[in-house]
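Take a look at the letters that make up each chain.
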Amino acid sequence: MIMLMLTDPFMQRALIAALLVGVTAPVVGTYLVQRKLSLLGDGIGHVALTGVALGWLVGAGMGLTTDDALAVPGAVIAAVIGSVLIEVVRRRGRTSGDLALAIMFYGGIAGGVLLIGIAGGSSGNLMQYLFGSISTVSDADLWLTVVLSLVVLAIGVGLRHALFSASHDEEFAIASGLPVWALNIVVAVVSALTVTVAMRVVGLLLVSALMIVPVAVAQQVTHAFGRTMLTACVVGVVVCVSGLTITYWYNVSPGATIVVLAIAVYAVVSLVAPLLTRRRPTHDPHPDLPDDVDLPAAATERAAAAAKECR
Amino acid sequence: MTDTKQVTETREPVIEARGLHFRAGASHILRGIDLTVLPGEVVALLGANGSGKSTLVRALVGINAPSEGAVRLLGEPLGAGRRAAVDWSRIGYVPQRAGAGGGIPSTVQEVVASGLLHGRRLRLPRGWRDRVHAALEQVGLADRVRDPVHHLSGGQQQRILIARALVREPDLLVLDEPVAGVDMASQEAFAATMRRLVDGGLTVLVVLHELGELEPLVSRAVVLRHGKVVHDGVPPRARQDHDRAGHRHQHPHADDNALDTADNRALDLEVRP
């Protein structure tokens, strides 16, 4: 049964794409959660839709044989421009940044629907980009996915210490002379690339879930940044591959299955995690230090007794 | 490094601010500040809440871009597009608030290690774990290296921020109220660490509310009021009306019984002409 699935060329391409998305989306998502920009992926996803339609329009204008040959490159370009714009607006002032994100949400969808109509398609053509169509992944798509994933991973993992510093305490990073502005742009561009990579697997509307939900799962079980990222990647790969496998046997939407699976994992882990942490042996959280005041003898004795209790 | 170069470096001011103004919207927070810190000095920046102390140090380390005026750090101008010229490996900054951080919990080790990145160094150097450990020993928290920062108390988190600045072994330390909310034993440990570093040639600019444990180290005091320098010289004496019974600052040293010492410690900033 499994061999049957693994020898199916469509399924092979889909599995590779799912595997790559499962790793890259949580890596980028970790930085977005760290910077409290969990919804950035959604904003970029909406803008990418306009890019898809724009690529379609250009492709149709050039008389290409397949209408959507330029859809993915169009999405990449629009997503990168959109994410950089969001970062520029965010830098200029927080209040207008929120507003700009909202305008991008609406403008992205409206622009996409409008342009696809002009290109001679219908909004139905956009559905596969909105909700994913991993079974239609072509060889060319797969290669683009592989290359973009490697770029995202190289940056996200290779620069993790600098990106952590800039996301954790931006002011300290500035006072350390780090190129914080450039690092922020890098995060924005990498997010845009991830959105377009994940577009075929889970669709633009659910991309953000794949970036954020595995991180939310990881946070339940670890309190370190590095381990959060690693755990989130494991969760991402597991839900992507198992979600896709389910859709090989049952006729359900791969993107929706993957996201529902991820949220189910989140629910289960948040129920189980408190039980696991309770069993861990604890050490005395209070340092054994003298107070800033002179204590009477009786209080000193009580302090010694309290210290013994905690040991 | 040749001897002649070292000589010229030691003559140069470490921090030099000229005619610094800072406006945030309608409020004019810094109104023409001149400040020079020479190598080896320990300068205390004093002033009431809201006098502009934090805004000034934030401008000096490049977080706030001044509306007018210029800052030179280690001899290099600090301005848009010129930041790369400053040798950031020689500067350590300790911000005021503890508990900085993003949406993901991080360990003490991760936070302190981020102090090893500066300027164009975007990756951790070899042996970074040992350096993080050494920095944490200086603030007495080496045993908490694997704990998440948010599990520590406010005072302990403040000490983590000090370790993050010390880990790169800076020549200039800029501290914004480093001992606010830190218990007396840790303040003494901090003062001892600072004394050792100052003896080794460290230059310090420290924002303080009162001189406290650092008093013997402070070579000069700069007092801000209403965004202007109103005093630059010997550390000012404490206000007499604050030196009453009940306002005596608790101090655990057994030998600390002289009244004039207590006077000096309880500095609450009365600057006399």
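For the structure, check the block above.
Residues numbered from 1 in each chain as written. Chains lettered and ligands numbered in written order. Predicted model: local features only at pLDDT ≥ 70, side-chain atom pairs only at ≥ 80, totals over all residues. Heavy atoms only, no water.

Before going further, it helps to examine the overall build of chain A. Counting secondary structure elements, chain A contains 14 helices and zero strands. Secondary structure elements in chain A, listed N-terminal to C-terminal, are α-α-α-α-α-α-α-α-α-α-α-α-α-α. Classification of the 311 residues of chain A by burial places 48% in the buried group. A fraction of 75% describes how many contacts in chain A between residues 6 or more apart in sequence connect residues 24 or more apart. Per element, the accessible surface of chain A, about 14700 Å² overall, is 70% carbon and sulfur. (Helix = DSSP H or I, 4+ residues; strand = E, 2+ residues; numbered from the N terminus. Buried < 20%, exposed > 50% of the residue type's maximum accessible area, 1.4 Å probe, protein only. Contact = heavy atoms within 4.5 Å. Areas by Shrake-Rupley, 256 points an atom, 1.4 Å probe, with all protein chains shown as cover.)

Next up on the list: the environment of leucine 178 of chain A. With respect to the helices and strands, leucine 178 of chain A occurs in the loop between α9 (170-175) and α10 (180-202). Look at leucine 178 of chain A and you get buried, because its relative accessible area is 2%. When the C-alpha positions of leucine 178 of chain A and serine 165 of chain A are compared, they lie 8.8 Å apart, and in sequence the two are 13 residues distant. Those residues within four positions of leucine 178 of chain A in sequence are excluded, and the remaining contacts are Ser165 and Ala173 of chain A together with Arg83, Leu117, His118, Gly119, Arg121 and Leu122 of chain B.

On the surface, a cluster of nonpolar side chains totalling about 500 Å² of accessible area is made up of Leu4, Ile246, Trp249, Tyr250 and Val252 of chain A. Along the chain, leucine 4 of chain A falls in helix α1 (residues 2-7). (Patch = residues over 30% accessible without salt bridge, like charges linked within 9 Å, V, L, I, M, F, W, Y side chains within 5 Å. Salt bridge = Lys/Arg side-chain N within 4 Å of Asp/Glu carboxyl O.)

In this section: unusual backbone geometry. The general pattern is negative phi for most residues beyond glycine and trans for most peptide bonds. Positive phi, close to 55 degrees, is recorded for lysine 36 of chain A, a residue that is not glycine. With respect to the element layout, lysine 36 of chain A can be found in the loop between α2 (9-34) and α3 (40-61). For histidine 226 of chain B, which is not a glycine, the phi torsion comes out positive at approximately 50 degrees. Along the polypeptide, histidine 226 of chain B turns up in the loop between β9 (220-225) and β10 (228-233). Using a relative accessible area of 61% as the deciding quantity, one classes histidine 226 of chain B as exposed.

With that out of the way, let us pick up the interface of chain B and chain A. Each partner contributes to the interface: chain B provides 40 residues, whereas chain A provides 32 residues. Of all residues in chain B, the largest losses of buried area upon contact with chain A belong to Ile104, Glu110 and Leu122 of chain B, amounting jointly to 18% of the total for that side. Counting across the chain B and chain A interface gives two salt bridges. The residue arginine 164 of chain B makes a salt bridge to aspartate 169 of chain A at a minimum N-O spacing of 3.1 Å. Among the secondary structure elements, those contributing two or more residues to the side of chain B that touches chain A are α3 (108-113), α5 (154-166) and α6 (184-199) of chain B. (Buried area = accessible area lost by both parts, 1.4 Å probe.)

Let us look at the pairing of strand β7 (residues 172-176) of chain B. Sheet faces and side chains relate simply in a regular strand, where the side chains alternate between the two faces. Residue and element names in this part refer to chain B. Most of β7 is tucked away: five of the five residues are buried. Where burial is concerned, the two faces of β7 agree: the one with Leu172, Val174 and Asp176 and the one with Leu173 and Leu175 are both buried. Bridging between strand β6 (residues 91-94) and β7 involves four bridges; their strand directions are parallel. Bridging from a neighbouring strand, isoleucine 91 pairs with leucine 172 of β7. Note: β7 against strand β8 (residues 203-207), five bridges, orientation parallel. Looking across to β8, one finds that valine 174 is bridged to leucine 205. Viewed along the sheet, the connection from β7 through α6 into β8 turns out right-handed. (Pairing = 2+ DSSP bridges. Right-handed = clockwise from strand over helix to strand, strands pointing away.)

A few words on the sheet that holds strand β2 (residues 27-37) of chain B. Residues and elements named next belong to chain B. In space, the four strands of this open sheet follow the order β2-β1-β4-β5, with antiparallel pairing throughout. This sheet does not close on itself; its edge strands, each paired only once, are β2 and β5 (76-78). Strand-to-strand twist in this sheet, taken as the mean axis angle between neighbours without regard to direction, amounts to 30 degrees. Here strand β1 (residues 15-24) runs beside strand β4 (residues 68-73); their pairing, made up of five bridges, is antiparallel. Of the residues in β4, the one forming a bridge with arginine 18 is alanine 70. (Axes fitted to C-alpha atoms, helices over the stretch in contact; angles between N-to-C directions.)

Residue and element names in this part refer to chain A. The interhelical angle for the contact between α2 and helix α11 (residues 207-221), taken along N-to-C directions, is 75 degrees, at an axis separation of 7 Å. Judged by the inter-axis angle, α2 sits roughly perpendicular to α11. On the side of α2, the interface is formed by Val21, Ala25, Pro26, Val28, Gly29, Thr30, Leu32 and Val33, while α11 contributes Leu210, Met211, Ile212, Pro214, Val215 and Gln219. Residues belonging to the contact of α2 with α11 are distributed by class as follows: 11 nonpolar, three polar and no charged. (Parallel < 35°, antiparallel > 145°, perpendicular 65-115°, else oblique. Nonpolar A, V, L, I, M, F, W, Y, C, P; charged D, E, K, R; others polar.)

Our next topic: the packing of aromatic side chains. All names here are of chain A. Applying the stated criterion to the full structure yields three aromatic pairs over all chains. With a centroid separation of 5.9 Å and an interplanar angle of 45 degrees, the aromatic rings of tyrosine 31 and phenylalanine 225 are classed as tilted. Note that tyrosine 31 is positioned in helix α2 and phenylalanine 225 in helix α12 (residues 225-249), a separation of 194 residues in sequence. Here tyrosine 31 and phenylalanine 225 have matching classes, each one buried. (Phe/Tyr/Trp six-rings, centres within 6.5 Å; stacked < 30°, edge-to-face > 60°.)

Moving on to the pattern of salt bridges. Enumeration over the complete set of coordinates arrives at 12 salt bridges over all chains. Ionic pairing is found between arginine 35 of chain A and glutamate 87 of chain A, a salt bridge with its closest N-O pair at 3.9 Å. You can see arginine 35 of chain A sitting in the loop between α2 and α3 and its partner glutamate 87 of chain A sitting in helix α4 (residues 71-92), a full 52 residues away along the chain. With a shortest N-O distance of 2.8 Å, arginine 220 of chain B and glutamate 41 of chain B are connected by a salt bridge. Placement of the pair is arginine 220 of chain B in strand β9 and glutamate 41 of chain B in the loop between β2 and β3 (42-46), with a sequence separation of 179 residues. A relative accessible area of 16% means that glutamate 41 of chain B is categorised as buried. Salt bridges sharing partners connect three or more residues here, namely Arg35, Glu87 and Glu170 of chain A.

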